[in-house]
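If you want the building blocks of each chain, they are given just below.
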Amino acid sequence: MSYVDGFVLAVPTANREKYEEVARQFDAIMIEHGALRVVEAWGDDVKHGKRTDFYRATEATADEIIVFSWAEWPDKATRDAAHAAMEKLMSEMAAPMDMPFDGARMIVGGFSTFLSLGASA
């Protein structure tokens, strides 16, 4: 089964265009290093919960939107090698990428798949 990296973050709505630009660059690097698929989703119908929700988890402000993203890898070994290569690449950049969001509030996690249904299963 494949391996998945998941991301949830709050992006200022005014930075949507810049976020999309950075995402295209970063996601292309993941594809070059073996990701099978990368999906970026701009919040459209994200409800506020009574106890927990994406807004609280990311400490989103009124002028921010939730972005949900994931990258699918053939396996964890490919993902780990890609992460190492991307970290090296980022450290060698002359200037750090100008992130249009607060990365300290981004939620990131790696997941082993146990079920996959549908056309791409």
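What counts and what doesn't
- Residues numbered from 1 in each chain as written.
- Predicted model: local features only at pLDDT ≥ 70, side-chain atom pairs only at ≥ 80, totals over all residues.
- Heavy atoms only, no water.
- Salt bridge = Lys/Arg side-chain N within 4 Å of Asp/Glu carboxyl O.
- Helix = DSSP H or I, 4+ residues; strand = E, 2+ residues; numbered from the N terminus.
- Buried < 20%, exposed > 50% of the residue type's maximum accessible area, 1.4 Å probe, protein only.
- Pairing = 2+ DSSP bridges.
- Patch = residues over 30% accessible without salt bridge, like charges linked within 9 Å, V, L, I, M, F, W, Y side chains within 5 Å.
- Areas by Shrake-Rupley, 256 points an atom, 1.4 Å probe, with all protein chains shown as cover.
- Axes fitted to C-alpha atoms, helices over the stretch in contact; angles between N-to-C directions.
- Parallel < 35°, antiparallel > 145°, perpendicular 65-115°, else oblique.
- Left-handed = near helix turned anticlockwise from the far one by under 90°.
- Contact = heavy atoms within 4.5 Å.
- Nonpolar A, V, L, I, M, F, W, Y, C, P; charged D, E, K, R; others polar.
- Core = buried A, V, L, I, M, F, W, Y, C linked by side-chain atoms within 4.5 Å.

Draft legend 1. Spatial organisation of the pattern of salt bridges. Scanning the model with the defined rule gives 10 salt bridges in all. Residues glutamate 21 and lysine 18 are paired through a salt bridge, measuring 3.6 Å at the closest nitrogen-oxygen approach. Note that glutamate 21 and lysine 18 are positioned in helix α1 (residues 16–32) at a spacing of three residues, about one turn of the helix. For glutamate 21, a relative accessible area of 42% translates into the label partly exposed. Owing to a relative accessible area of 31%, lysine 18 belongs among the partly exposed residues under this scheme.

Draft legend 2. Representation of the pairing of strand β3 (residues 64–73). For β3, a buried count of seven out of 10 residues is recorded, marking the element as mostly surrounded by other parts of the structure. In this structure, strand β1 (residues 3–12) lies alongside β3, joined through 10 bridges in antiparallel fashion. When the sheet's bridge partners are listed, valine 8 is paired in β3 with phenylalanine 68. Alignment of strand β2 (residues 37–42) against β3, held across six bridges, turns out to be antiparallel. Bridge assignment links glutamate 40 to a residue of β3, and that residue is serine 69.

Draft legend 3. Main features of a nonpolar patch on the surface. A cluster of nonpolar side chains, Phe114, Leu115 and Leu117, forms an exposed patch at the surface whose accessible area comes to about 430 Å². Secondary-structure assignment places leucine 117 in the segment after β4 (107–112). The class for leucine 117 is exposed, based on a relative accessible area of 69%.

Draft legend 4. Region of interest: the packing of α1 against helix α3 (residues 76–92). Two elements in contact, α1 and α3, have axes separated by 10 Å at closest approach and are oriented at 135 degrees. Our classification of the angle between α1 and α3 gives oblique. The handedness of the crossing between α1 and α3 is right-handed. Contacts from Phe26, Ile29 and Met30 in α1 reach Met86, Leu89 and Met90 in α3. Broken down by class, the residue content of the contact of α1 with α3 amounts to six nonpolar, no polar and no charged.

Draft legend 5. Inspection of the nonpolar core at higher detail. Formed by Tyr3, Ile29, Met30, Ala35, Ala71, Trp73, Ala82 and Met86, the largest nonpolar core amounts to eight residues. Look past the residues within four positions of alanine 71 in its chain and what remains in contact with it is Tyr3, Val4, Asp5, Phe7, Met30, Arg37 and Val38. Counting residues in hydrophobic clusters, the runner-up holds seven residues, among them Val11, Tyr19, Ala23 and Phe101.

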